[in-house]
Amino acid sequence: MRIVFYSQHVLGMGHLFRSLEIATALAPHHVDLVTGGEHVALTLPAHVRHIPLPPLCMDADFQTLQTCRSDLTRTGVSQAASPSQSTDEVMTRRRRRLMEHLREVQPDLFLVELFPFGRKRFGFELLPVLEASRRGELGRCRTVCSVRDILVEKQDPASYEARVVHQLNTYFDLVLVHADPRLVRLEETFASVEAIVPRIVYTGYVVAPVDAAKGLRLRQYLELAHEEEMIVASIGGGAVGRELLEAVLDASTLLQPGRPHHLWVFTGPFLSEVEFTDLCQRAAGRERVHVHRFTENFGDWLSAADLSVSMAGYNTTMNLLAAKTFGLVWPYGQNREQSMRAERLEHFGLLSVLRKDDLVPEQLAVRMVEALGAASARRPAVDFPDASNDGYCINLDGATATRNILECFCGDARHG
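Anyway, here's the lowdown on the structure attached to this text. (Residues numbered from 1 in each chain as written. Predicted model: local features only at pLDDT ≥ 70, side-chain atom pairs only at ≥ 80, totals over all residues. Heavy atoms only, no water.)

### Quick word on the overall build of the protein chain
Next, step 1: The number of helices and strands found in the protein chain is twelve helices and 17 strands.
Next, step 2: Among the 416 residues that make up the protein chain, the fraction classed as buried is 56%.
Next, step 3: In the protein chain, the proportion of contacts linking residues at least 24 apart, taken out of those at least 6 apart, comes to 73%. (Helix = DSSP H or I, 4+ residues; strand = E, 2+ residues; numbered from the N terminus. Buried < 20%, exposed > 50% of the residue type's maximum accessible area, 1.4 Å probe, protein only. Contact = heavy atoms within 4.5 Å.)

Below you can see the structure in the form of structure tokens.
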């Protein structure tokens, strides 16, 4: 089976890394992972080929389409479009490149992340491909939508949902929802589910399995004794959330005299160089505090940690559950997505939500002490679905389930 997987990240990296996890799980099938955001250095398995489009991204308010964030060019981030190019020029190049690739490959599956539930502005390049597919110009290609659990709210929900339903019913054959319906269902943030004609299938949450032994080995590598406390702080891609890391650094300073601990801070590759330098200077001279941009082994760090303090994105919260590490999470306030998921998980005691007042260093220090003190008792009882326990079990096997569903779907299509 040959798959072209389109994934466009516009602000952070969550969409990109969830898509990469799915693409990895699709082995041994050949996957062309088409990305269109700022390019991050990726380590890909042999069956995945990266097809980068000239980058387009958006501002923090998701209002303005930009050719690049030139001030964010740094180690680990490369630009595939010149800052001198106009947005229209980049759009034309992208549209032509995407169509040429699909015509050349003639895939069995065109897997589209989020669209049409989101990424409306990228219809300029997706709709021509979808229309060509429906005309039979891409062979026997089937089209599948890949969408996360919670959709952001819209100013005109009726108009938005009518457009989404029309495009799903016109161009798509299947909708995969990367969620556990016991935690959240699609209709909670999309009222017109019953009007969708393509079959809707829940896959479970997509997250890389975490090997606890790697966490232990990481602690040994860092020369941490069993009783030494380790805290990991992170903000995903780093485009937003710097104030959380500043608060953690200040709270850590307050805690160190009475409660010595090791703090590792991951800023994400999209934090500006000026802000990164400032955080490094805040940590300078503190041997137990370390500031880094990024790690591809984030699950190992969470598994090794006694506490995580982070933004509340899909990927980070699911990584916390997979690692069984308690987390204090701060939802991004632009929309309901992160807060809604985090509050559901908080209800089951799997993490704790930080509010705005908690970012005062003195208050955050109190929250961190509370979480560390109860770490052993509050270890989340969440496992992959084949493991039994007495806690609340959330399906975290979404990547493998996606592969199984797509294999069955294509098999049914060939014999239908």
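Having put the structure on the table, let's press on.
### Notes on the environment of Ala 208
Next, step 1: Relative to the assigned elements, Ala 208 resides in the loop between strand E11 (199-202) and helix H5 (212-221).
Next, step 2: When the C-alpha positions of Ala 208 and Asp 397 are compared, they lie 8.4 Å apart, and in sequence the two are 189 residues distant.
Next, step 3: Each residue touching Ala 208, except ones within four places of it in the same chain, is listed here: Glu 21 and Ala 322.

### Some remarks on the nonpolar core
Next, step 1: With 133 residues, the main nonpolar core has Phe 110, Phe 117 and Phe 190 as its most contacted residues.
Next, step 2: It is helix H6 (residues 242-255) that provides the largest number of residues to this core, a total of seven residues.
Next, step 3: Contacts of Phe 117, omitting those with residues within four sequence positions, involve Cys 145, Val 147, Leu 151, Lys 154, Tyr 160, Val 164, Leu 168, Val 175, Leu 186, Phe 190 and Ile 196. (Core = buried A, V, L, I, M, F, W, Y, C linked by side-chain atoms within 4.5 Å.)

### Some words on the pairing of strand E1 (residues 2-7)
Next, step 1: Within E1, five of the six residues are buried, which leaves the element mostly enclosed by the surrounding structure.
Next, step 2: Direction of pairing for E1 relative to strand E2 (residues 30-35): parallel, over a ladder of six bridges. Following the sheet pairing, Tyr 6 is matched in E2 by Val 34.
Next, step 3: For the crossover from E1 across helix H1 (residues 14-25) to E2, the handedness is right-handed.
Next, step 4: Taken together, the four bridges between E1 and strand E8 (residues 109-113) define a ladder with parallel strand orientation. Across the sheet, residue Ile 3 finds its bridge partner in E8, namely Leu 109. (Pairing = 2+ DSSP bridges. Right-handed = clockwise from strand over helix to strand, strands pointing away.)

### Some details on helix H9 (residues 314-323)
Next, step 1: Judged by how many residues are buried, H9 sits mostly within the fold: ten of ten residues are covered.
Next, step 2: Along H9, the residues classified as buried are Tyr 314, Asn 315, Thr 316, Thr 317, Met 318, Asn 319, Leu 320, Leu 321, Ala 322 and Ala 323.
Next, step 3: Lys 324 sits one or two residues past H9 and shows a positive phi near 60°.

### Comments concerning the packing of H6 against helix H11 (residues 361-373)
Next, step 1: At their nearest, the axes of H6 and H11 sit 8 Å apart, and the two run at 70° to each other. One way to sum up the angle between H6 and H11 is to call them roughly perpendicular. Contacts between H6 and H11 involve Ala 247, Val 248, Asp 250, Ala 251, Leu 254 and Leu 255 from the former and Pro 361, Glu 362, Leu 364, Ala 365, Met 368 and Val 369 from the latter. (Axes fitted to C-alpha atoms, helices over the stretch in contact; angles between N-to-C directions. Parallel < 35°, antiparallel > 145°, perpendicular 65-115°, else oblique.)

### Considering the sheet that holds E11
Next, step 1: The strand order across the open sheet formed by seven strands is E4-E2-E1-E8-E9-E10-E11, and the pairing between neighbours is parallel. Each of the sheet's edge strands pairs with one partner strand only, and the pair in question is strand E4 (48-52) and E11. Strand after strand, the sheet turns through a mean of 20° between neighbouring axes, direction not considered.
Next, step 2: Pairing between E8 and strand E9 (residues 142-148): five bridges, direction parallel. The residue bridging Leu 109 from the neighbouring strand is Arg 142, located in E9.

### Quick look at the sheet that holds strand E12 (residues 229-234)
Next, step 1: Taken in spatial order, the six strands line up as E14-E13-E12-E15-E16-E17 in an open sheet, and their pairing is parallel. Sheet topology places strand E14 (289-292) and strand E17 (352-353) at the edges, where each strand pairs with a single neighbour.
Next, step 2: Here strand E16 (residues 327-330) pairs with E17 via two bridges, running parallel. Its bridge partner lying in E17, Val 329 is registered against Val 353.
Next, step 3: The strands touched by H6 within the sheet are E12, strand E13 (261-266), E14, strand E15 (307-311) and E16, with E13 carrying the most contacts at an inclination of about 170°.

### Focus: the pattern of salt bridges
Next, step 1: Within this structure, the stated rule accounts for 25 salt bridges.
Next, step 2: For Arg 94, the salt bridge identified is with Glu 125, shortest N-O distance 2.6 Å. Highlighted residues: Arg 94 in helix H2 (residues 87-105) and Glu 125 in helix H3 (residues 123-134), separated in sequence by 31 residues.
Next, step 3: Accessibility expressed as a relative area gives 0% for Arg 94, which makes it buried. (Salt bridge = Lys/Arg side-chain N within 4 Å of Asp/Glu carboxyl O.)

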